[in-house]
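# Coordinates in review
This is what each chain is made of:
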Number of protein chains: 4
Amino acid sequence: MSIDLETCRAIIAAVRAEGEARRLKPLTVAVLDAGGHVVAVEREDGASMSRFEIAFGKAYGALALGMGSRSLMARAEQQAYFVSAVGAAIGGALVPVPGGVLVRTADGELLGAVGVTGDSSDNDEAAAVAGVAAVGLVAQAE
Amino acid sequence: MSIDLETCRAIIAAVRAEGEARRLKPLTVAVLDAGGHVVAVEREDGASMSRFEIAFGKAYGALALGMGSRSLMARAEQQAYFVSAVGAAIGGALVPVPGGVLVRTADGELLGAVGVTGDSSDNDEAAAVAGVAAVGLVAQAE
Amino acid sequence: MSIDLETCRAIIAAVRAEGEARRLKPLTVAVLDAGGHVVAVEREDGASMSRFEIAFGKAYGALALGMGSRSLMARAEQQAYFVSAVGAAIGGALVPVPGGVLVRTADGELLGAVGVTGDSSDNDEAAAVAGVAAVGLVAQAE
Amino acid sequence: MSIDLETCRAIIAAVRAEGEARRLKPLTVAVLDAGGHVVAVEREDGASMSRFEIAFGKAYGALALGMGSRSLMARAEQQAYFVSAVGAAIGGALVPVPGGVLVRTADGELLGAVGVTGDSSDNDEAAAVAGVAAVGLVAQAE
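Below is a summary of the structure that appears in this document. As the structure is a computational prediction, the values presented were derived from the model and not from experiment.

Here the focus is unusual backbone geometry. All names here are of chain A. Located in the positive-phi region is Arg23, a residue other than glycine, with phi close to 55 degrees. Structurally, Arg23 can be placed in the loop between α1 (5–21) and β1 (28–33). Arg23 gets classed as exposed once you look at its relative accessible area, which sits at 77%.

Attention now moves to the sheet that holds strand β3 (residues 100–104) of chain B. One open sheet accounts for ten strands, arranged β5(A)-β3(A)-β4(A)-β1(A)-β2(A)-β2(B)-β1(B)-β4(B)-β3(B)-β5(B); its pairing is antiparallel. Of all the strands in the sheet, just β5 (138–140) of chain A together with β5 (138–140) of chain B have a single pairing partner and so form its edges. Averaged over neighbouring strand pairs, the angle between their axes works out to 20 degrees when direction is ignored. Packed on one face of the sheet, helix α2 (residues 51–65) of chain A meets β1, β2 (38–43), β3 (100–104) and β4 (110–117) of chain A together with β2 (38–43) of chain B and runs near 145 degrees to β4(A). Set on the sheet, helix α2 (residues 51–65) of chain B makes contact with β2 of chain A together with β1 (28–33), β2, β3 and β4 (110–117) of chain B; between it and β4(B) the angle comes to about 145 degrees.

It is worth spelling out the relation of the copies chain A and chain B at this point. Relating one copy of the chain to the other requires a rotation about an axis plus a shift along that axis. Superposing chain A onto chain B takes a rotation of 180 degrees combined with a translation of 0.0 Å along the rotation axis, leaving an RMSD of 0.1 Å. Seen this way, the second copy is the image of the first under a two-fold rotation axis. Using C-alpha coordinates, one finds that chain A approaches the rotation axis most closely at Val41(A), a distance of 2.4 Å. Both copies present the same face, since 100% of the interface residues in chain A are matched by interface residues at the equivalent positions in chain B.

How large an interface is tends to be reported as the accessible area lost when its parts come together. Between chain C and chain B, the residue contacts involve five residues of the former and five residues of the latter. Summed over both sides, the interface of chain C with chain B buries roughly 280 Å², with 35% coming from carbon and sulfur. In this assembly, chain C and chain B are joined by zero salt bridges. At the boundary of chain C with chain B, the tally comes to two residue pairs in polar contact (both at pLDDT 80 or more). Class assignment for the residues of the side of chain C that touches chain B results in two nonpolar, two polar and one charged.

Before going further, it helps to examine the pattern of salt bridges. All names here are of chain B. Scanning all chains against the criterion turns up 40 salt bridges over all chains. Arg9 serves as the salt-bridge partner of Glu6, at 3.3 Å between the closest nitrogen and oxygen. Of this pair, Glu6 and Arg9 both sit in helix α1 (residues 5–21), three residues apart, roughly one helical turn. Overall, Arg9 belongs to the partly exposed group, its relative accessible area being 32%. Two residues, Arg70 and Asp122, come together in a salt bridge whose shortest N-O distance is 2.8 Å. With Arg70 in helix α3 (residues 69–78) and Asp122 in helix α5 (residues 121–134), the pair connects residues that are 52 residues apart, well separated along the chain. The exposure class assigned to Asp122 is partly exposed, which follows from its relative accessible area of 47%.

Basis of the calculations
- Residues numbered from 1 in each chain as written.
- Chains lettered and ligands numbered in written order.
- Predicted model: local features only at pLDDT ≥ 70, side-chain atom pairs only at ≥ 80, totals over all residues.
- Heavy atoms only, no water.
- Helix = DSSP H or I, 4+ residues; strand = E, 2+ residues; numbered from the N terminus.
- Buried < 20%, exposed > 50% of the residue type's maximum accessible area, 1.4 Å probe, protein only.
- Pairing = 2+ DSSP bridges.
- Axes fitted to C-alpha atoms, helices over the stretch in contact; angles between N-to-C directions.
- Contact = heavy atoms within 4.5 Å.
- Least-squares fit on C-alpha atoms with pLDDT ≥ 70 in both.
- Buried area = accessible area lost by both parts, 1.4 Å probe.
- Salt bridge = Lys/Arg side-chain N within 4 Å of Asp/Glu carboxyl O.
- Polar contact = N/O pair within 3.5 Å; in protein donor to acceptor, adjacent residues only side chain to side chain.
- Nonpolar A, V, L, I, M, F, W, Y, C, P; charged D, E, K, R; others polar.

Shape is all these values report; function is a separate question.
Pasting the structure below:
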């Protein structure tokens, strides 16, 4: 089972709506399938140049190690060299701060991941979680 | 002047509508700003794994050399080693077949580029051109 | 709107004049457009081998995250692993110490970035700011 | 002995003057020292996004193999796989078409290289050669 484009678009719309409701800074949202490949991306006006790469790195890193990027941050706080090494091993796409969440069905099946960046990491994550919940799926932030 | 997200979303919608009208295979569409940075992407269901990278490479390569990717193909037909070398020099993101078009205003100002992949290169390009025209901008395919 | 070469040359001349007035060590100055692409560079005699890459990395990193490189240093002081990971995600061009400033119009529009290296980071930044001010534009150092 | 910044600036000015006299398209000029490190760059208004990387690759490739980039093209015409492999071995910065010339003293000492791109490769090379001659140095185009 794989995440379809319409679901990804709906997640992005819901993340952006959450960002607007919370008056967050311009967000960039990337949705990846379970293989770490881009399905849909939107970068809001005013977001800085490399926000796609950061959103992608949050989501890809989450998939790489099978945990939300908040847990990657916790690991980086303890063993920065490990997280750095994994990032290098996978080509650089691992950004270990909150905002990258796994997307699962209610049964726990992994469908993909969402990465959000633009505001504080905590707010990025809150928007990501809200976006996933809005389509009836489960976000794993840790 | 920079291309905004709503314009990019409208381009993608129009490219996809063109693909549906022509009964093309699943398309992937990437829209980049004039600096080669992702603004919006959609990969349709059934598109193969790395279609984002291909769509990106068509659009990025067009921006890199300032010509639509059809002209990159023409150059590659004559001097494959040159196009390959430029691709390496810019980090790999150059796919020299039709489907990458520059996006300009009616006055000729460069706003960004669109890359489309999924069907034949000619059809990819036709969908890209239709998508840009649909928002009142000018596509440069060569 | 894009930064033109003559403006970039004028910025470089003013940065170098500031360096001379302050008796700084040999400076290297890189000016990038808003998409992070090189417009003009000068490396003064006596500057060490890789000063271009450092100047570029200060300016590129500033554009990547939308803040002057002094703010990147502040973030690195708190979360070195984050700044390191973003650097890896964008291909390495992120040097998080002062000396990379965004260039804006008086209205706040982003035109590009300037990176300066060669003396202390604080002095590099002071020269960068002076260079941007000299052409009537606004430097964002944080 | 090493090429100094003022000489590099004078070469760039002369290349650009030649381009203007010949009514060439916007040029990008990169001057490297004998170690392949950037000393000065200028990208003219209207030049496409990645022209610095191409100019650099012409000059760097020339230094890499100790011959002007016209000879790299000749080799690529015969053994594209060799030139491609060398490009990969040195990190990608090898663009094997005319426009990259070695800079030597009248005595034959190597000072650096100039890379020019923007018009046809032949015109790029002509402008590079004219620029080096204008400062009383010798350009090696083959």
